[in-house]
Amino acid sequence: MQEALLHHIWKFRLFDMNQLSTVGGESVEITHPGKHNTDSGPDFFDARIKIADTLWAGNVELHIKTSDWQKHNHQHDVAYDNVILHVVFDDDVKGGSGSGGGSGSPVNIPILELKSRISENLLKSFDTLMLNQNKIPCSGSISTVDEFTISNWLDRLLIERLEHKTKSIEAMLQQNQNNWEETFYVHLARNFGFKINAVPFELLARSLPLQHLAKHKSELFQIEALLFGQAGLLQSDFNDEYPSRLRKEYDFLKAKFSLQNMDAHLWKFMRLRPVNFPTIRIAQFAQLIYNSSHLFSKLLEIKNAKQAHDLFDVEVSDYWKTHFMFDKETTPAPKDVSGDKHLGKTSVENILINTFVPFLFYYGKQKGILKIQNRALEFLENINAEKNNITDKWTSLKVKCDNAYKSQALIQLYNFYCSEKKCLSCAVGNKILKPK
C-alpha cells in the first residue's frame, strides 16, 4: 500500500462503505470526503463526516499506519487542530488512539481503518501497474478501457499539452513587450532547427531582430547575408563567388546594425542527412522571410491546413540547389525525391504542430476568441499524426493515432503520466483501478 493510492481510494470512495465504523465502534457516514490537498497540512480539507449522531465539518488526515501520526509529529502541529477523522490502512495501535489533536491536544481523533474494506483486485491491479517494466504501465490492460474514456481523456491532455507549450510563448512575449511578430519569428526559427539545431537557431534569431530583416525585405541576397553572417558561417575565405559576395555584404550590414555574430561551432552537422544541414535550413528560412512579410499576421488569416502548408512550402535560392555546404558543389537533386531541398511535408507539419498551432491557440486564449482556439484544434485534426517511438508504442497497443490531435495528446500522456507512473492521475489508470 502506498499513501498516494490510499488518497485515491478515499477521494473516490473505492472501498466498502457499508456499516462504516471507527475503531472505537462509532458509526461513520461520509457526506463528502473533502478536497484533496497536495500541499502541506492535512490531506483533505472541508470534509463532511457524520460520526455517531454528530455531523462534523473539518479536515481528514490519511496514513498507512495509525502510529504514523506520532511519527510525523502532527501532535505538535497546529495545522492539524481541525482534523475530524484519521483514516488509516492499518490500525497498528490496536486499542490506543494513536492520534491526538494538534499542539498536543489531549482530544483523541476518531480512527477509521480501511484494510478489510479495500478490494484485493484493486490492490493487485495497482501492483500490476507499478511493477510493469513496460514504459506504458497499462500496456497489458488498456484494451479493457472503453474508447469513450480514452477519447475524453485525450481531449483534456491535448489542451494540457498546448498550455504547456504556450508557457514559453507567454514568457517571451513579456520579454518582447508583447511584440507578437518578433516572438513568433524567434519561435519559428527555433523550430527550423528541428531539435538538433534548435538552440543555435533560436540564438540566431535573438541576435538578429526581425526589424533588421524587414528593412531588407525585398532583397533575398541581403536576407541570406544577414542570416548566414549572424550564424557565423561567413568567416572563411571562400572560392565560390556567391559566399564571397555574401561575406562582403554581411560585413557592411554588420557594421550598419552593430551586430555580433555567433560562433560557427555551435551548429551541428554530424549524423544529419545533408538536406537537414543547418546551411539548408537557414537558406529555407531566408526564403520564408523573403516570401512572407508579417508572418504572424498571415498566420491569423489562414483558414485551413492547405493554406498553412502553402505558406511554409519554401525551397532554396539557386546556389543551394547545387550545394549543401559553401564551396562544395553537388549534382542537383531531382524533384520529389529524397534529396529535394524544398521544406518537406513532414517538416512543414512539424512546424505547424509545434509553432503555428500553439501560437494560434494562445492568441485566441489571450484575446478571448474561442473561434481562433477552436481553429487551432481543427488544424491538428487535419494534420497527419507524428510517427516516432512514442506514437509507435501506442499504435502497437491498438490505440487510435490517426491525426496530430491524437498524437500530441498521446505524447503528453506518455511523457507526463506513463513515464512517471502517474496512473492515479490518469483517467485510463482510474478506469482500470475502479472496482468491477
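Residues numbered from 1 in each chain as written. Predicted model: local features only at pLDDT ≥ 70, side-chain atom pairs only at ≥ 80, totals over all residues. Heavy atoms only, no water.

Colleague: Looking at this structure, I do not really get the overall build of the protein chain. What am I missing?
Modeller: Secondary structure summary: the protein chain contains 17 helices and eight strands in total. For 436 residues, the compact-globule estimate of 2.2 N^0.38 gives 22 Å, and the protein chain exceeds it by more than 25% at 30 Å. Dimensions along the principal axes, computed over C-alpha positions, put the protein chain at roughly 95 × 45 × 40 Å. A total of 436 residues make up the protein chain; the buried ones form 51% of that total. Only carbon and sulfur atoms are counted for the fraction: they give 48% of the accessible area of the protein chain, which is about 21,900 Å². Seen as two clouds, the 52 positive and the 51 negative side-chain charges of the protein chain have centres 3 Å apart. (Helix = DSSP H or I, 4+ residues; strand = E, 2+ residues; numbered from the N terminus. Rg over C-alpha atoms; globule rule 2.2 N^0.38 Å. Buried < 20%, exposed > 50% of the residue type's maximum accessible area, 1.4 Å probe, protein only. Areas by Shrake-Rupley, 256 points an atom, 1.4 Å probe, with all protein chains shown as cover. Lys, Arg positive; Asp, Glu negative; His and termini not counted. Charge placed at Lys NZ, Arg CZ, Asp CG, Glu CD.)

Colleague: Hey, could you run me through the pairing of strand 5 (residues 83-90) in this one?
Modeller: Where a strand is regular, its side chains alternate between the two sheet faces. Among the eight residues of strand 5, eight are classified as buried, and the element is accordingly described as predominantly covered. Examined bridge by bridge, strand 4 (residues 54-65) and strand 5 share six bridges and lie parallel to one another. Opposite Lys65, over in strand 5, you have Asp90 as the bridge partner. Of the pairings in the sheet, the one linking strand 5 to strand 6 (residues 111-113) comprises three bridges and is parallel in character. Residue pairing across strands places Val88 opposite Glu113, the latter belonging to strand 6. (Pairing = 2+ DSSP bridges.)

Colleague: Sorry if this is basic, but what is going on with the nonpolar core here?
Modeller: One recurring pattern in soluble globular proteins is that nonpolar side chains are buried together. Residues Trp10, Phe228, Phe312, Phe326, Phe356 and Trp394 are the most contacted members of the largest nonpolar core, which totals 136 residues. Counting residues per element, this core draws most heavily on helix 13 (residues 345-367), which supplies 11 residues. (Core = buried A, V, L, I, M, F, W, Y, C linked by side-chain atoms within 4.5 Å.)

Colleague: Would you mind going over the layout of surface pockets with me for this structure?
Modeller: There is about 1,400 Å³ of room inside the largest pocket. In this structure, the largest pocket is lined by 50 residues; those nearest its centre are Asn191, Phe194, Lys195, Asn350 and Asn354. Breaking the lining of the largest pocket down by element, the ones donating at least two residues are helix 4 (147-175), helix 5 (180-192), helix 10 (278-291), helix 13 and helix 16 (404-418). Here the element with the most residues in the lining of the largest pocket is helix 13; it accounts for eight residues. (1 Å grid on protein atoms, 1.4 Å probe; cavity = no way out; pocket = protein on both sides within 12 Å on 5 of 7 lines; lining within 4 Å. Points joined across faces, edges and corners; volume = space filled by probe spheres on them.)

Colleague: Is there a simple way to explain the environment of Ala305 in this structure?
Modeller: One can find Ala305 in helix 12 (residues 305-312). Residues Ala305 and Ile432, 127 residues apart in the sequence, show an inter-C-alpha distance of 37 Å. Beyond its immediate chain neighbours, meaning those up to four positions away, Ala305 contacts Phe379 and Asn382. (Contact = heavy atoms within 4.5 Å.)

Colleague: Looking at this model, I keep getting lost on empty space enclosed by the protein. Mind explaining?
Modeller: If a probe the size of a water molecule is rolled over the atoms, the empty space left behind becomes visible. The tally for this structure, following the rule as stated, stands at two cavities of 30 Å³ or more. Taken together, Pro137, Cys138, Ile142, Trp394, Leu413, Tyr417, Cys418, Lys422, Cys423, Cys426, Val428 and Gly429 make up the full set of residues lining the largest cavity. With three residues, the top contributor of residues to the lining of the largest cavity is helix 16. Residue composition of the lining of the largest cavity, grouped by class: 10 nonpolar, one polar and one charged. Taken as a whole, the second largest cavity spans an internal volume of roughly 30 Å³. (Nonpolar A, V, L, I, M, F, W, Y, C, P; charged D, E, K, R; others polar.)

Colleague: Explanation requested: the pairing of strand 4 in the structure shown.
Modeller: With six bridges joining them, strand 3 (residues 44-51) and strand 4 adopt antiparallel strand pairing. If you follow Arg48 over to strand 4, its bridge partner there is Ala57. Turn length for the strand 3-strand 4 hairpin, with the two strands adjacent in sequence and antiparallel, is two residues, and the turn residue Ala52 shows positive phi of about 55°.

Colleague: Is there a simple way to explain helix 3 (residues 120-131) in this structure?
Modeller: Here helix 3 is 12 residues long and its end C-alpha atoms lie 16 Å apart, about the 16 Å a rise of 1.5 Å per residue gives. When helix 3 is considered as a whole, its buried residues turn out to be Leu122, Leu123, Phe126, Leu129 and Met130. Looking down the long axis of helix 3, one finds its buried residues gathered within 125° of arc, a one-sided arrangement. Those residues of helix 3 that are exposed and aimed more than 90 degrees away from the buried face are Glu120, Asn121, Lys124, Thr128 and Leu131. For helix 3, the elements touching its buried residues are helix 1 (3-11) and helix 17 (427-433). The opening residue of helix 3, the one whose side-chain oxygen lies 3.1 Å from the backbone nitrogen of Asn121, is Ser119. (Expected span 1.5 Å × (residues − 1). Arc of directions from axis to C-beta. Polar contact = N/O pair within 3.5 Å; in protein donor to acceptor, adjacent residues only side chain to side chain.)

Colleague: Hey, could you run me through unusual backbone geometry in this one?
Modeller: Peptide bonds are, in most cases, trans, and in most cases residues other than glycine have a negative phi. Phi angles above zero are rare outside glycine, and Asn73 is one such case at about 60°. Using a relative accessible area of 44% as the deciding quantity, one classes Asn73 as partly exposed.

Colleague: I keep staring at the packing of helix 8 (residues 220-230) against helix 9 (residues 241-257) and nothing clicks. Help me out?
Modeller: At a minimum axis separation of 8 Å, helix 8 and helix 9 run at an interaxial angle of 80°. In terms of orientation, helix 8 lies roughly perpendicular with respect to helix 9. Between helix 8, through Phe221, Gln222, Glu224, Ala225, Leu226, Phe228, Gly229 and Gln230, and helix 9, the contact on the second element is made entirely by Tyr242, Arg245, Leu246, Glu249, Tyr250, Leu253 and Phe257. (Axes fitted to C-alpha atoms, helices over the stretch in contact; angles between N-to-C directions. Parallel < 35°, antiparallel > 145°, perpendicular 65-115°, else oblique.)

Colleague: Would you mind going over the packing of helix 15 (residues 389-396) against helix 16 with me for this structure?
Modeller: How two helices sit against one another is set out by the angle between their axes and by the gap between those axes. The geometry of helix 15 relative to helix 16 is characterised by a closest axis approach of 9 Å and an angle of 95° between their N-to-C directions. Here helix 16 runs roughly perpendicular to helix 15, going by the angle between their axes. For the pair helix 15 and helix 16, contact is made by Ile390, Thr391, Lys393 and Trp394 and by Ser407, Leu410, Ile411, Leu413, Tyr414, Asn415 and Cys418, respectively.

Colleague: Honestly, helix 16 in this entry has me stumped. Any pointers?
Modeller: Working note: α-helix, 3.6 residues per turn, so residues spaced by three or four point in the same direction. Across its 15 residues, helix 16 extends 19 Å between first and last C-alpha, which sits within 8% of the 21 Å expected from 1.5 Å per residue. Counting buried positions along helix 16 gives 12 out of 15 residues, so the element sits mostly inside the fold. Within helix 16, burial applies to Ala404, Tyr405, Ser407, Gln408, Ala409, Leu410, Ile411, Gln412, Leu413, Tyr414, Tyr417 and Cys418.

Colleague: Help me understand the pattern of salt bridges, please; the structure alone is not making it clear to me.
Modeller: What the rule picks out here adds up to 14 salt bridges. We note a salt bridge from Asp90 to Lys115, for which the minimum N-O separation is 3.3 Å. Highlighted residues: Asp90 in strand 5 and Lys115 in the loop between strand 6 and helix 3, separated in sequence by 25 residues. A salt bridge links Asp237 to Arg247, with the nearest nitrogen and oxygen atoms 3.1 Å apart. Placement of the pair is Asp237 in the loop between helix 8 and helix 9 and Arg247 in helix 9, with a sequence separation of 10 residues. Classification of Asp237 as exposed rests on a relative accessible area of 72%. Ionic contacts of the salt-bridge type, sharing partners, join the residues Lys65, Asp90 and Lys115 into one network. (Salt bridge = Lys/Arg side-chain N within 4 Å of Asp/Glu carboxyl O.)

Bear in mind that shape data such as this cannot, by itself, settle questions of function.
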